[in-house]
Amino acid sequence: MIVAATLTGGVLSVLLAALAALTVLARWADRLVSFAVGVLLAAALTHLLPESANALGPELAGTWVLGGLLLFFVLEKLALWRHAHVHPGAVAMPLHGEHVAGSAPAPSGAMIVLGDGVHNFIDGVLIAAAFLQDPALGVATAIAVTLHEVPQEIGDFMVLLAAGYSRRRALLLNVLSGAAAVAGGVIGYFALDRAQDAIPYLLALAAASFIYIAVADLVPELHRLRRRLGDALLQAALISTGIAAVALLHQH
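So, how was this worked out
Residues numbered from 1 in each chain as written. Predicted model: local features only at pLDDT ≥ 70, side-chain atom pairs only at ≥ 80, totals over all residues. Heavy atoms only, no water. Helix = DSSP H or I, 4+ residues; strand = E, 2+ residues; numbered from the N terminus. Polar contact = N/O pair within 3.5 Å; in protein donor to acceptor, adjacent residues only side chain to side chain. Expected span 1.5 Å × (residues − 1). Buried < 20%, exposed > 50% of the residue type's maximum accessible area, 1.4 Å probe, protein only. Contact = heavy atoms within 4.5 Å. Bend = angle between axes of the 7 residues up to and from the residue. pLDDT = per-residue confidence, 0-100. Core = buried A, V, L, I, M, F, W, Y, C linked by side-chain atoms within 4.5 Å. Patch = residues over 30% accessible without salt bridge, like charges linked within 9 Å, V, L, I, M, F, W, Y side chains within 5 Å. Areas by Shrake-Rupley, 256 points an atom, 1.4 Å probe, with all protein chains shown as cover. Salt bridge = Lys/Arg side-chain N within 4 Å of Asp/Glu carboxyl O. Phe/Tyr/Trp six-rings, centres within 6.5 Å; stacked < 30°, edge-to-face > 60°.

## So, the side chain of Ser177
In this structure, Ser177 sits in helix 6 (residues 167-190). Polar side-chain contacts of Ser177 include one of 2.9 Å to the backbone oxygen of Asn174.

Spelled out as structure tokens, the structure:
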């Protein structure tokens, strides 16, 4: 039951998000990066970080977030250095969902997969804990995870497409990161006590990855490419929509 529930929460949510992001929302891919900013910041600041702070205390949780931000800064620098040497013609991240000839996918794509994988792993542990307490609670938790993951996965697709990944590769990477929920569920079942001890630290790192991607990679691109007042208002509205989607679904 735990494996089935984590597959639903981790992989089904990805497929539902892909259905929306790669079909109905495909023509809006560049503008919906703003939606991704709202989703990532809301998930990090109103869900992941508060839960980490409740367990570790504000100072320790904040320290882990700061350490995570520094870690992702260093990782991105290393990735940019590698791309500059391996792909001399690489260009800045395009907000169009299509890969630019002669360029390499932006490092933000790899970081969003890493951060989302950590988040999905934690969801798997939480689902396992719920099932071990009460199967009915486990089912309810799996449904809640699936619902709150869909808008976040749509945001992830927008980031990957904007980073230059093809639709097929973006789907594959999101499915792989979603499958981390299954690993979390299995590990949580066999070693729940130890897994639970690590959850607050993983939450802080996941929050750091989402904050870094939103603020360091996506927001500067929004400022750079769309400077008209109407575009700015639309971006603000879409960011607010992403925040509202996370807030609404986390109430259930």
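## Overview of helix 6
An ideal rise of 1.5 Å per residue puts 34 Å on 24 residues; helix 6 measures up with 36 Å between its terminal C-alpha atoms. Of the positions making up helix 6, those classed as buried are Ala170, Leu173, Asn174, Ser177, Gly178, Ala180, Ala181, Val182, Gly184, Gly185 and Gly188.

## Some points on the side chain of Ser34
With respect to the element layout, Ser34 can be found in helix 2 (residues 33-56). In this structure Ser34 comes out as buried when scored by relative accessible area, which is 1%. Discounting chain neighbours no more than four positions away, the residues touching Ser34 are Leu222, Gln235, Leu238 and Ile239.

## A few points about helix 2
Side chains three or four residues apart in an α-helix point the same way, a direct result of the helix having 3.6 residues per turn. Compared with the 34 Å implied by 1.5 Å per residue over 24 residues, the 32 Å span of helix 2 between its first and last C-alpha is a close match. Of all the bends in helix 2, the greatest measures close to 35° and is centred on Ala44.

## What to know about the confidence of the model for the protein
Per-residue pLDDT for the protein averages 76, and the proportion of residues at 70 or more is 77%. Of all secondary-structure elements in the protein, the lowest mean pLDDT belongs to helix 5 (residues 135-162), at 73, while helix 6 reaches the highest, 87. pLDDT under 50 marks residues 82-103. Its contacts with residues more than four places away, or in other chains, come to 41 contacts.

## Side note on the environment of Val186
Relative to the helices and strands, Val186 resides in helix 6. A sequence separation of 59 residues divides Val186 from Ile127, and the C-alpha atoms of the two residues are 10.0 Å apart.

## Examining the nonpolar core
Of all hydrophobic cores here, the largest spans 49 residues; its most connected members are Leu40, Ile112, Phe157, Val159, Phe210, Ile213 and Leu218. When residues of this core are traced back to their parent elements, those giving at least two are helix 1 (2-24), helix 2, helix 3 (58-86), helix 4 (107-133), helix 5, helix 6, helix 7 (192-225) and helix 8 (229-249). Of the residues forming this core, the biggest block, 14 residues, is contributed by helix 7. Core analysis: the second largest hydrophobic core is formed by 7 residues, Ile127, Ala128, Ala142 and Val145 among them.

## What to know about a nonpolar patch on the surface
A cluster of nonpolar side chains, Val3, Leu7, Leu132, Val186, Tyr189 and Phe190, forms an exposed patch at the surface whose accessible area comes to about 590 Å². Ranked by residue count, the leading element in the nonpolar patch is helix 6, at 3 residues. Among the residues examined, Leu132 registers a relative accessible area of 44% and is labelled partly exposed.

## A look at the packing of aromatic side chains
Applying the stated criterion across every chain, the model contains 2 aromatic pairs. Both rings, one in Tyr189 and one in Phe190, keep their centres 5.0 Å apart while their planes meet at 85°; by these two values the pair is edge-to-face. Since its relative accessible area comes to 46%, Tyr189 is described here as partly exposed.

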